[in-house]
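One-letter residues, chain by chain:
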Amino acid sequence: MPPLQGLRGNLDMTFSSRMSTLAHKGAFAEEGILMRVRRNAAVSEALSIVVCLVANLISLFIVHLTPDLRDSQSDEFANSTTVSNDTDTRDLSNIESSMFLTASSILSVALNCAICTTFLFTIVYYAWKHDYNPDNIVAPLGASISDMLTIGSMLFLCYLLRPYAGFSSALPNIIISISICSIPVWIMLGWKDEMAVTTAKQQCLTLVFASIVSCLAGLIQSEGAMTYPNYPAYQTLISGLAGNRGAVLASRISSYLEIHQESELGWKQRAIPFIYYRSDCSEAQTARLLLFTALPFQMFFVGISTALSFVYEPVELDWKFFLGYALVVLVQSFTILYLAQLIVFTLWKFGLDSDNHAIPLLTSAADVCGCGLLICLFLVLDKAFGCVKRIE
C-alpha cells in the first residue's frame, strides 16, 4: 500500500501544482484551458498505469527477497483458498495473489485519477476565481483525498475480484492486458499539449524512483507491523502529514520561482538549515509556520485516532510513547521542510520543472523518514521500557 498511496498522492499533488502554476501565470483566463486540463489528465492516467505496474513488480521482488513476508502472505492466501494439492499451494498462491493485487491496484489508480483530477482542477479554478492562493489548498487536499480513495477503492476492488481467485486467474490477466494496451491511447490523447508531453517524459523516471523509495517504506512498515500491531496506524499519520507540509512549501516556492525567475535566498543561506529557518524572507517564514504547527496538528489527529480506537481496541496510551512521538514529528518535519526548499531550488537552478519532480521525491522521503523514525521509537520504547504493545 505505501507505494500505491505514494504514487497516487504524487500524481495528484504534481497535477495540482501544475494547475496552480497555470493559475498564477494567468492561463486560466485563456481559451482552451479545459482542453489543456483534459490532456494533462490523460497523461496522468498513462503515468498511473505505468508506474503502478513498476511498483507492483518492485513490491513482489521485495516480498520474495524477504522470507518472513513471503511465508506469511503465502500462508494467509493458502488458508483462504481451497486447493487440492498441498505441494503446489504455496507457489501457485503467490502468483495468483500477485496478479489479483496488480489488477486491483491498476483499476484503483485509474479510477482515482479520473475522480481526483476533476476534483482538484475544480478547486484550483474556484480558488483562482475568488483570489485565493491554490498552493495552500490543493496540495494537502489532493494527498489526503488520494489516500482515502486509494485505500477504499483498493479494498473494494479486492473484495469484488477475490471470489474469482478460487477457480480462474483469467480475469486479472485480462485487466492487466487491457490496461497496458490503453497506455498508448492515453498518451495520444495528451500528445498535442506540449506541457503534457514534457511532463510525461520528465516525470516518469522520477515517479519510478519515488515508488522504489516508497517500497522501502513499505518493507519497513511490513516488518514493523509483524512485531508491533499499532505501528501502521501511526505510520500513516506521520508520513502523510509531513509529506503534505513538504508539498505545500515546495508548491509555493515553485510558483514563486516560475513567476519571478529569481530566488530570495542563495546556496549559502539554503545549505545550512538553521540559517535558512532564521531568514526573514517570506519563504522561510512559511517554512517556520509549517514547522511550528506540525506538532499541534499531529497530536490533534493522534487524539482523534486514539478516541476512535476505543470502539474496537485502544492503541498506545503510555505518556512516554506520546512524548517520543512528538520528538519524532519535530525531527521529521524539520528534515522534510529543509529538503523541500533545497530540492526545489536545485531543480530550478538546473533548469528542471520542480512541479514535476520535487513533490514525488519529497513524499517518498517523508514515507521512509517517517517509517524509519517511528520503528526506531517503537524499538527504543520496547527495549528500554517495555511500554508498547507487541506480538509475541
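Values in this document were obtained by computation on a predicted structure and should not be read as measured data. (Residues numbered from 1 in each chain as written. Predicted model: local features only at pLDDT ≥ 70, side-chain atom pairs only at ≥ 80, totals over all residues. Heavy atoms only, no water.)

**Q** How should the confidence of the model for the protein be read in this particular structure?
**A** Close inspection of predicted coordinates is inappropriate in any region flagged by low pLDDT. Here the protein averages 81 in pLDDT, and 89% of its residues register 70 or above. Per-element confidence in the protein ranges from a low mean pLDDT of 53 for helix 3 (residues 67-80) to a high of 93 for helix 13 (residues 319-349). (pLDDT = per-residue confidence, 0-100. Helix = DSSP H or I, 4+ residues; strand = E, 2+ residues; numbered from the N terminus.)

**Q** Mind showing me how you'd approach the packing of helix 7 (residues 194-227) against helix 14 (residues 354-384) here?
**A** Axis angle and axis distance: for two packed helices, these are the angle between their axes and the distance between the axes, and together they describe the pair. It is at 9 Å that the axes of helix 7 and helix 14 come closest, and there the two elements cross at 10°. As the angle between them shows, helix 7 and helix 14 are arranged roughly parallel. Residue-level inspection shows Thr199, Gln202, Gln203, Thr206, Leu207, Phe209, Ala210, Val213, Ser214, Ala217, Ile220 and Gly224 of helix 7 in contact with helix 14, the latter providing Asn356, His357, Pro360, Leu361, Ser364, Asp367, Val368, Cys371, Gly372 and Ile375. By residue class, the composition of the contact of helix 7 with helix 14 is 11 nonpolar, 10 polar and one charged. (Axes fitted to C-alpha atoms, helices over the stretch in contact; angles between N-to-C directions. Parallel < 35°, antiparallel > 145°, perpendicular 65-115°, else oblique. Contact = heavy atoms within 4.5 Å. Nonpolar A, V, L, I, M, F, W, Y, C, P; charged D, E, K, R; others polar.)

**Q** How should the nonpolar core be read in this particular structure?
**A** Within soluble globular proteins, side chains that are nonpolar generally end up buried alongside one another. Core analysis: the largest hydrophobic core is formed by 26 residues, its most contacted members being Leu249, Ala250, Ile253, Tyr276, Tyr277, Leu337 and Val344. Those elements giving two or more residues to this core turn out to be helix 8 (231-260), helix 10 (273-277), helix 11 (282-292), helix 13 and helix 14. Ranked by residue count, the leading element in this core is helix 8, at seven residues. With sequence-adjacent residues up to four places away left out, leucine 249 is seen in contact with Tyr276, Glu283, Thr286, Ala287, Leu290, Leu337 and Ala340. (Core = buried A, V, L, I, M, F, W, Y, C linked by side-chain atoms within 4.5 Å. Buried < 20%, exposed > 50% of the residue type's maximum accessible area, 1.4 Å probe, protein only.)

**Q** Is there a simple way to think about the UniProt feature "transmembrane region" (unreviewed entry) in the protein in this case?
**A** Listed under "transmembrane region" (unreviewed entry) in the UniProt record, and renumbered for this structure, are residues 46-65, 106-128, 140-162, 174-191, 203-220, 289-311, 323-347 and 359-381. Taken end to end, residues 106-128 is 100% helix and 0% strand, and its two terminal C-alpha atoms sit 33 Å from one another. Taken end to end, residues 174-191 is 94% helix and 0% strand, and its first and last C-alpha atoms sit 26 Å apart. (UniProt positions renumbered as here; feature names shortened; annotations may be inferred.)

**Q** Help me understand the environment of leucine 189 in this model?
**A** Note on placement: leucine 189 falls in helix 6 (residues 170-190). Aside from chain neighbours lying at most four places away, what touches leucine 189 is Arg39 and Ala42.

**Q** I keep staring at the pattern of salt bridges and nothing clicks. Help me out?
**A** Two side chains of opposite charge can pair, provided their charged atoms sit close to one another. Taken as a whole and judged by the stated rule, the model has four salt bridges. Here glutamate 258 ties to lysine 25 by a salt bridge, and the two come within 3.4 Å at their closest N and O atoms. A residue pair is termed long-range when its members are at least 10 positions apart, and glutamate 258 in helix 8 and lysine 25 in the loop between helix 1 (2-24) and helix 2 (33-65) qualify at 233 residues. The exposed category is assigned to lysine 25, whose relative accessible area is 51%. In this structure, the salt-bridge partner of arginine 390 is aspartate 382, at a minimum N-O distance of 2.4 Å. Overall, arginine 390 belongs to the partly exposed group, its relative accessible area being 33%. Judged by its relative accessible area of 12%, aspartate 382 falls in the buried class. (Salt bridge = Lys/Arg side-chain N within 4 Å of Asp/Glu carboxyl O.)

**Q** Would you mind going over a nonpolar patch on the surface with me for this structure?
**A** On the surface, Phe297, Phe300, Phe301, Ile304 and Leu308 cluster together to form a nonpolar patch covering roughly 480 Å² of accessible area. Topologically, phenylalanine 300 is positioned in helix 12 (residues 294-309). (Patch = residues over 30% accessible without salt bridge, like charges linked within 9 Å, V, L, I, M, F, W, Y side chains within 5 Å. Areas by Shrake-Rupley, 256 points an atom, 1.4 Å probe, with all protein chains shown as cover.)

**Q** Help me out: how do you make sense of the side chain of asparagine 56 in this one?
**A** Inspection of the secondary structure assignment puts asparagine 56 in helix 2. Those residues in contact with asparagine 56 that sit more than four places away from it in its chain are Leu101, Thr102 and Ser105.

**Q** Explain the packing of aromatic side chains here, please?
**A** Each pair of aromatic rings is reported with the distance of its centres and the angle of its planes. Tallied over the full model, the rule gives 19 aromatic pairs. Here phenylalanine 274 and phenylalanine 334 contribute two aromatic rings whose centre-to-centre distance is 5.7 Å and whose plane-to-plane angle is 45°, an arrangement assigned as tilted. One end of the pair, phenylalanine 274, is in helix 10; the other, phenylalanine 334, is in helix 13, and 60 residues separate them in sequence. Looking at phenylalanine 274, the relative accessible area reads 60%, which means it is exposed. An aromatic cluster of three or more residues is present, and its members are Tyr228, Tyr231, Tyr234, Phe321, Phe322, Tyr325 and Phe378. Positioned above the aromatic ring of phenylalanine 385, the side-chain terminus of lysine 320 is 5.5 Å from the ring centre. (Phe/Tyr/Trp six-rings, centres within 6.5 Å; stacked < 30°, edge-to-face > 60°. Lys NZ or Arg CZ within 6 Å of the ring centre and 35° of its normal.)

**Q** Quick question: what am I supposed to make of the packing of helix 13 against helix 14 here?
**A** Where helix 13 contacts helix 14, the axes come no closer than 9 Å and their chain directions differ by 155°. The pairing of helix 13 with helix 14 is recorded here as roughly antiparallel in orientation. Relative to helix 14, helix 13 is oriented so that their crossing is right-handed. Partitioning the contact of helix 13 with helix 14 into residue classes produces 21 nonpolar, five polar and one charged. (Left-handed = near helix turned anticlockwise from the far one by under 90°.)

**Q** Looking at this structure, I do not really get helix 8. What am I missing?
**A** Spanning 30 residues, helix 8 covers 44 Å between terminal C-alpha atoms, matching the ideal 44 Å at 1.5 Å per step. In the stretch just after helix 8, glutamine 261 is the one whose phi turns positive, near 60°. (Expected span 1.5 Å × (residues − 1).)

**Q** Any chance you could explain unusual backbone geometry here in plain terms?
**A** Only a minority of non-glycine residues have a phi that is not negative, and only a minority of peptide bonds are not trans. Unlike most non-glycine residues, aspartate 131 shows phi in positive territory, near 60°. Given the relative accessible area of 73%, aspartate 131 is considered exposed. The backbone phi angle of glutamine 261 is positive, close to 60°, even though this residue is not glycine. Looking at the secondary structure, you find glutamine 261 in the loop between helix 8 and helix 9 (267-271).

**Q** What should I look at first to understand the environment of proline 273 in this one?
**A** For proline 273, the location among the structural elements is in helix 10. Between the alpha carbons of proline 273 and leucine 339 there is a distance of 9.3 Å; along the sequence they are 66 residues apart. Residues contacting proline 273, with those up to four places away along its chain left out, are Phe334 and Tyr338.

**Q** Hey, could you run me through helix 14 in this one?
**A** Three or four residues apart is the spacing at which side chains of an α-helix point the same way, because the helix has 3.6 residues per turn. Under the 1.5 Å per step criterion, the end-to-end length of helix 14 is 43 Å for 31 residues, consistent within 8% with the ideal 45 Å. Looking at the residues trailing helix 14, positive phi occurs at glycine 386, about 65°.

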